[in-house]
Amino acid sequence: MFRAAFRRLLSLDDPPERTALAFSVGVFIGLSPLLGLHTIIATVVAFLFRFNKVAIYLGTYLNNPFLTLVPIILVSYAIGAFLLQRPLRIPPAGIELLKDPHLLTRSYYHQLFVNSWNIVGPFAVGSTILSVVCSVLAYPVTLWALRAHRRNKVNVN
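Within any chain, residue numbers begin from 1 and follow the written order of that chain's sequence. pLDDT decides what is reported in this predicted model: residues at 70 or higher carry local features, side-chain atom pairs at 80 or more are listed and counted, and totals for whole chains, interfaces and linings draw on all residues regardless. Values shown for side chains rest on all heavy atoms present in the structure; no hydrogens or waters enter the calculation.

(A) Region of interest: the overall build of the protein. Within the protein one finds 7 helices and 0 strands. Taken from the N to the C terminus, the helices and strands of the protein come in the order α-α-α-α-α-α-α. Each radius of gyration is computed over the set of C-alpha atoms, and the globule rule expresses the reference value as 2.2 Å times the number of residues to the power 0.38. Against the globule reference of 15 Å for 157 residues, the protein gives a C-alpha radius of gyration of 20 Å, more extended than a compact globule. Considering only C-alpha atoms, the protein reaches an extent of 70 × 30 × 25 Å along its principal axes. Relative accessibility decides the category of a residue: with a 1.4 Å probe and only protein chains considered, values under 20% of the type maximum give buried, values over 50% give exposed, and everything between is partly exposed. When burial is assessed residue by residue, the protein has 32% of its 157 residues classed as buried. Contacts were defined at the residue level, with two residues in contact if any of their heavy atoms lie within 4.5 Å. A fraction of 73% describes how many contacts in the protein between residues 6 or more apart in sequence connect residues 24 or more apart. Only DSSP runs of H or I reaching four residues or more are called helices, and only runs of E reaching two or more are called strands; each is numbered from the N terminus.

Here it is, written out as structure tokens:
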């Protein structure tokens, strides 16, 4: 599946710099903490900047629910927890809320909201850093691959 998608990226007719940029912006979007909004954001950005939609979607869908979502969330959380000096485990108050939910009380939802920041905060920080680093790395790697593919294509003809 990944090979077919990568071959499709290599076969695009846009200039390599523009294709690599669209792909790396897609990687940034796909690894961002805005889970559930990646496709919408990628579509809006593609239209606003006239990026190739195949390239931006391929970058965005590196984070997909079937193969990579869970590892990316775990790595994002670990990076954020490390940087924010938080533990890698759910705090005891959060565990207690999950063990003994009082779904019909207002205080339960207040405590759930307060304690969710122990997870959301590190995840948001970690995934933002991961998205910046991976997208910055994706641009030169993709540009190199696109240029090499075009050189080989010209040499064959």
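(B) How the structure looks around the nonpolar core. One finds Phe-51 and Ile-56 to be the most contacted residues of the largest nonpolar core, which totals 16 residues. Within the residue set of this core, elements represented by two or more residues are α2 (16-31), α3 (38-49), α4 (53-60) and α7 (106-156). Per-element tally for this core: the top contributor is α2, with 5 residues. Residues contacting Phe-51, with those up to four places away along its chain left out, are Arg-18, Leu-21, Ala-22, Val-25, Val-45, Ala-46 and Ile-56. Here, nonpolar core means buried Ala, Val, Leu, Ile, Met, Phe, Trp, Tyr and Cys residues that are tied together by side-chain atoms lying within 4.5 Å of each other. With 5 residues, the next largest nonpolar core counts Leu-10, Ala-20, Leu-143 and Leu-146 among its residues.

(C) A look at the packing of aromatic side chains. Note on aromatic pairs: the rings of Phe, Tyr and Trp (six-membered ring only in Trp) are paired at centre separations within 6.5 Å, and the planes decide the class, stacked below 30 degrees, edge-to-face beyond 60, tilted for the rest. Overall, the coordinates contain 4 aromatic pairs when judged by the stated rule. Residues Phe-49 and Phe-51 carry aromatic rings whose centres are separated by 5.8 Å and whose planes lie at 25° to one another, so their mutual orientation is stacked. With relative accessibility at 7%, the residue Phe-51 sits in the buried group. Ring centres 5.2 Å apart and planes at 80° place the aromatic pair Tyr-108 and Tyr-109 in the edge-to-face group. You can call Tyr-109 partly exposed: its relative accessible area is 43%. Sitting over a ring, as applied to charges here, requires NZ of Lys or CZ of Arg to be within 6 Å of the ring centre and within 35 degrees of the ring normal. A cation sits over an aromatic face here: Lys-53 above Phe-47, 4.5 Å from the ring centre.

(D) Broad picture of the side chain of His-38. Take His-38: it is sitting in helix α3. Within the structure, the side chain of His-38 is placed 3.2 Å from the backbone oxygen of Ile-29, a separation counted as a polar contact. Nitrogen and oxygen atoms within 3.5 Å of one another constitute a polar contact, given that in protein one can donate a hydrogen and the other can accept it, and given that sequence-neighbouring residues count only through two side-chain atoms. A polar contact is formed between the side chain of His-38 and the backbone oxygen of Ser-32, at a distance of 3.1 Å. Discounting chain neighbours no more than four positions away, the residues touching His-38 are Ile-29, Gly-30, Ser-32, Thr-60 and Asn-63.

(E) A look at the environment of Arg-50. Along the chain, the position of Arg-50 falls in the loop between α3 and α4. Using a relative accessible area of 70% as the deciding quantity, one classes Arg-50 as exposed. Once the C-alpha coordinates of Arg-50 and Ala-22 are considered, the two residues, 28 residues apart in sequence, prove to be 9.2 Å apart. Sequence-distant contacts of Arg-50, that is, excluding residues within four places in its chain, are made with Arg-18 and Val-45.

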